[in-house]
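# Structure at a glance
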Amino acid sequence: MLSVNLGPLAVPVGMAVLLAAGLAAAGAGHLAGRRRQIGIVNTLSDMLLAGVLAARVVFIALWFDAYRAAPWSMLDIRDGGFTVWAGIAAALLVAFWRGGRQPALRKPLAVGLATGALVWGALSGALRLTEKPALPALALTTLAGAPTELAALSGGKPMVVNLWASWCPPCRREMPVLAAAQKQESWASFVFVNQGEDGATARRYLDAGRLGLANVLLDPGAELGRAAGSGALPTTLFYDAGGRLVDTHLGELSAASLANKLNRLRETR
């Protein structure tokens, strides 16, 4: 499962798990500090803010060349460009700093963080049990109407599978980035699977954009999105050469976030 639906919104499952862990941490911390009327919500909020900022700044520093052509895109965190270890380190520094200045905060904060970590671990583990890591064997069609499946396009290479639709604004914004990568990164096979549209609609959009994409497939029933557990577009799936799912991305990819994902995929070869 890659996303959960909250009304009309498709929320990445990782974000939902983090939210649940944060709520559990806040509740446990409140109970632990109730007698002395000490809460940890403000500290958790500061930890989150410091973590997000540090993770973003370090990611931009690592991939600055990819942002150089469009520097304003550094502010667009929707590309998912975060360096996790930097965010965790910054959040823990805030926790230690607050605990050092306020001894009475230490126990509630420790109880809250331990509870949050346990909830996060339990939910993440449960989700891993539901994962479908193998390349889906679904019947798809080419733009010419010929039947095919994803495995036929892999060529023994790692594979990047992008789920998109012509009506989807973030799909259209990221498409030039993926088109450029398809031309430059010959070690991987890029496949673009249109979700829920007919061939004429997909072809009309591709011709108008002059993107020159190869390996465009049609999935009129959006079966691949359901098989991947994603109700969001765009969704990008990264498979190693053996057809094992090694990474995913929900939402728009920037040049930097795609380069980061491809770097990880390259290491699986």
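Our structure's up above, just so we're on the same page.
Our subject in this report is the structure included herewith.

Rules of the game
- Residues numbered from 1 in each chain as written.
- Predicted model: local features only at pLDDT ≥ 70, side-chain atom pairs only at ≥ 80, totals over all residues.
- Heavy atoms only, no water.
- Helix = DSSP H or I, 4+ residues; strand = E, 2+ residues; numbered from the N terminus.
- Buried < 20%, exposed > 50% of the residue type's maximum accessible area, 1.4 Å probe, protein only.
- 1 Å grid on protein atoms, 1.4 Å probe; cavity = no way out; pocket = protein on both sides within 12 Å on 5 of 7 lines; lining within 4 Å.
- Points joined across faces, edges and corners; volume = space filled by probe spheres on them.
- Nonpolar A, V, L, I, M, F, W, Y, C, P; charged D, E, K, R; others polar.
- Pairing = 2+ DSSP bridges.
- Salt bridge = Lys/Arg side-chain N within 4 Å of Asp/Glu carboxyl O.
- Axes fitted to C-alpha atoms, helices over the stretch in contact; angles between N-to-C directions.
- Left-handed = near helix turned anticlockwise from the far one by under 90°.
- Contact = heavy atoms within 4.5 Å.
- Disulfide = S-S within 2.5 Å.
- Core = buried A, V, L, I, M, F, W, Y, C linked by side-chain atoms within 4.5 Å.
- Expected span 1.5 Å × (residues − 1).

### Considering the environment of Arg101
Following the sequence through the fold, Arg101 ends up in helix α4 (residues 84-101). On the accessibility criterion, Arg101 (59% relative accessible area) is exposed. Expressed as a C-alpha distance, the spacing of Arg101 and Lys132, which sit 31 residues apart in the sequence, is 46 Å.

### Considering the layout of surface pockets
Estimates place the volume of the second largest pocket at around 290 Å³. Contributing elements (two or more residues each) for the lining of the second largest pocket: α3 (64-67), α6 (169-184) and α9 (255-266). For the lining of the second largest pocket, the per-class residue count stands at nine nonpolar, two polar and five charged.

### Topic: the sheet that holds strand β3 (residues 140-142)
Pairing is mixed in the open sheet, where seven strands are placed in the order β4-β3-β7-β6-β5-β8-β9. Of all the strands in the sheet, just β4 (147-148) and β9 (245-250) have a single pairing partner and so form its edges. Bridging between strand β5 (residues 159-164) and strand β6 (residues 189-195) involves six bridges; their strand directions are parallel. What sits directly across from Asn162, in β6, is Phe192.

### A word on the pattern of salt bridges
Following the criterion strictly, the structure yields nine salt bridges and no others. Taking the shortest distance from any N to any O, the salt bridge between Asp79 and Arg56 comes out at 2.7 Å. Taken together, the residues Asp79 in the loop between α3 and α4 and Arg56 in helix α2 (residues 41-62) connect sequence positions 23 residues apart. Given the relative accessible area of 4%, Asp79 is considered buried. On the accessibility criterion, Arg56 (6% relative accessible area) is buried. Among the salt bridges present, the one from Asp65 reaches Arg68, with a minimum N-O distance of 2.7 Å. Neither residue differs from the other here; Asp65 and Arg68 are each classed as exposed. Each of the salt bridges in this network shares a partner with another, and the network as a whole consists of Asp247, Lys261 and Arg264.

### Digging into the pairing of strand β7 (residues 216-219)
Residue alternation in β7 divides its side chains into two sets, Val216 and Leu218 and Leu217 and Asp219, and both sets are buried. When β3 meets β7, the two strands line up antiparallel, connected through two bridges. For Thr141, the partnering residue across the bridge sits in β7 and is Leu218. Pairing geometry for β6 and β7, over four bridges, is parallel. The partner of Asn194 across the bridge, within β7, is Leu218.

### Some words on the packing of α2 against α4
Following both chains from N to C, one finds α2 and α4 inclined at 145°, their axes separated by 7 Å at the closest point. Like other packed secondary-structure pairs, α2 and α4 cross with a definite hand, here right-handed. Only Trp85, Ala86, Gly87, Ala90, Ala91, Val94, Ala95 and Arg98 of α4 make contact with α2, whose side of the interface consists of Asn42, Thr43, Asp46, Met47, Ala50, Gly51, Ala54, Ala55 and Val58. The residue inventory of the contact of α2 with α4, partitioned by class, reads 11 nonpolar, four polar and two charged.

### Section: the state of the cysteines
This model, assessed by the stated rule, comprises one disulfide. The residue that forms a disulfide with Cys168 is Cys171, at a sulfur-sulfur distance of 2.4 Å. On the sign convention where negative is left-handed, the bridge of Cys168 and Cys171, at about 80° about the S-S bond, is right-handed. In this structure, Cys168 and Cys171 share a single accessibility class: buried.

### Focus on the nonpolar core
Among the nonpolar cores identified, the biggest contains 24 residues, and Trp164, Phe192, Leu213 and Leu262 are the most heavily contacted of them. Elements that contribute at least two residues to this core include exactly β5, α6, β6, α7 (199-209), β7 and α9. No other element matches the five residues that α6 contributes to this core. Ranked by size, the runner-up nonpolar core spans 17 residues in total, among them Leu138, Val161, Leu163 and Ala232.

### As for α2
An ideal rise of 1.5 Å per residue puts 32 Å on 22 residues; α2 measures up with 31 Å between its terminal C-alpha atoms. Every buried residue of α2 is listed here: Thr43, Leu44, Met47, Gly51, Ala55, Arg56, Phe59 and Ile60. Tucked into the core, α2 has its buried residues touching α1 (13-32), α3, α4, α5 (106-130) and α9.

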